[in-house]
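Residue-level structure breakdown
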Amino acid sequence: MEFIIATNNAKKLKELSRILNPLGINAVSAREVGVNLDEVEETGTTFEENAFLKANAAFTKTNMPAIADDSGLCVDALDGRPGIFSARYSGENATDESNYLKLLDEMKDVPANERTAYFNCSICCILPDGNKIEVNGKCFGEIAFEPNGNGGFGYDPVFMCNGKNFAELSAEEKDAVSHRGQALKKLKEELEKYLINNK
């Protein structure tokens, strides 16, 4: 069974493939099935709403079961920012680096004991029959004073969990603790139930 993954992020696609393949689900990008997915306007006010908007757009355009996620970093000292604006935090042409450097700059005077933050991941999966599965995962940690590590993507170089930056973890280590790893675990459980019931 093929599921379309509503993302242009190759690293996210790889992460989803690792989880879905053992279920007999082939995760494909829009490009792989020859479809051009328009950029979805993320008008939702929550991660959950934006994940649904992206999944629904892919499902509607391709008539294939679709999975989309919306995730971001919520920093307590910044009243939850960057939150749903994580991907474009430093402006229109934001890059991973410009985003986390802006974050570090905003937090330069925040002491170590007040740098708590969490990653949030909401996944929406629209099934072949149009029903949907919605799951959520969170990973709590703190913001480092400087970037470290060269793995991962997004804010991984500045997010610390259990004393290590996300960008220093192997893919397996990250999957075990990350917000997306947790959400995907829940998605996997729900999909297993769905597949058993729809044999």
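Here, the structure is the one placed above.
Attention in this report is confined to the structure presented alongside it. (Residues numbered from 1 in each chain as written. Predicted model: local features only at pLDDT ≥ 70, side-chain atom pairs only at ≥ 80, totals over all residues. Heavy atoms only, no water.)

Describing the nonpolar core
Formally: Among the buried residues, those of types Ala, Val, Leu, Ile, Met, Phe, Trp, Tyr and Cys that are joined through side-chain atoms within 4.5 Å form a nonpolar core. Only protein chains enter the accessibility calculation, which uses a 1.4 Å probe; a residue is then buried when its area is under 20% of its type maximum, exposed when over 50%, and partly exposed in between. Working definition: helices are DSSP H or I runs of at least four residues, strands are E runs of at least two. Numbering for both runs from the N terminus. By definition in these notes, contact holds between two residues if any of their heavy atoms fall within 4.5 Å.
Counting 21 residues, the largest nonpolar core has Leu-20, Ile-67, Ile-123, Cys-125, Leu-187 and Leu-191 as its most contacted members. Secondary structure elements with two or more residues in this core: strand E1 (2-5), helix H1 (10-20), strand E4 (116-126), strand E5 (132-143) and helix H5 (179-197). Counting residues per element, this core draws most heavily on H5, which supplies five residues. Among all residues touching Cys-125, those that are not within four sequence positions of it are Phe-3, Ala-66, Ile-67, Asn-131, Lys-132, Ile-133, Leu-187 and Leu-191.

Structural notes on the environment of Gly-72
Along the polypeptide, Gly-72 turns up in strand E3 (residues 66-75). Among the residues examined, Gly-72 registers a relative accessible area of 4% and is labelled buried. Sequence separation between Gly-72 and Cys-121 is 49 residues; the distance between their C-alpha atoms is 6.7 Å. Discounting chain neighbours no more than four positions away, the residues touching Gly-72 are Phe-47, Gly-83, Ser-86, Tyr-118, Phe-119 and Asn-120.

With respect to the state of the cysteines
What counts, and what does not: Cysteine sulfur atoms are paired as a disulfide whenever they come within 2.5 Å of each other.
This structure, assessed with the given rule, holds zero disulfides. Here Cys-124 is not cross-linked by a disulfide; its sulfur's nearest cysteine counterpart is in Cys-125, at 7.2 Å. With relative accessibility at 0%, the residue Cys-124 sits in the buried group. Cysteine Cys-161 shares no disulfide, and the gap to the nearest cysteine sulfur, in Cys-139, comes to 3.8 Å. Residue classification places Cys-161 among the buried residues on the basis of a relative accessible area of 7%.

A short note on the side chain of Lys-54
Note on placement: Lys-54 falls in helix H2 (residues 47-62). Look past the residues within four positions of Lys-54 in its chain and what remains in contact with it is Ala-6, Val-40, Glu-42, Ala-68, Asp-69 and Asp-70.

Some words on the layout of surface pockets
It is the rolling of a water-molecule-sized probe over the atoms that shows where space remains empty. Heads up, the condition is: Computed over the protein atoms alone on a 1 Å grid, cavities are sets of points where a 1.4 Å probe fits but cannot get out and pockets are open sets with protein on both sides within 12 Å along at least five of seven lines; a residue lines them when it has an atom within 4 Å of a point. Grid points are joined across faces, edges and corners, and a volume is the space filled by probe spheres set on the points. Note on residue classes: Ala, Val, Leu, Ile, Met, Phe, Trp, Tyr, Cys and Pro are nonpolar, Asp, Glu, Lys and Arg are charged, and everything else, Gly too, is polar.
When its volume is computed, the largest pocket comes out at roughly 1,200 Å³. In terms of lining, the largest pocket is formed by 39 residues, of which the most central are Lys-12, Glu-39, Glu-42, Lys-54 and Ala-87. In terms of residue count, the dominant contributor to the lining of the largest pocket is E3 (five residues). Of the residues assigned to the lining of the largest pocket, the class counts are 12 nonpolar, 12 polar and 15 charged.

Notes on H2
The following threshold applies: Expected span, for any helix, means 1.5 Å times one less than how many residues it has. An arc is given here, and it is the one of the directions from the helix axis to the C-beta atoms.
Look at H2: 23 Å from first C-alpha to last across 16 residues, which is about the 22 Å you get at 1.5 Å a residue. Restricting attention to buried positions, one finds in H2 the residues Phe-47, Asn-50, Ala-51, Lys-54, Ala-55, Ala-58, Phe-59 and Thr-62. The buried side chains of H2 occupy one side of the element, clustering within an arc of 165° when seen end-on. If you follow the buried residues of H2, they end up packed against E1, E3 and E4.

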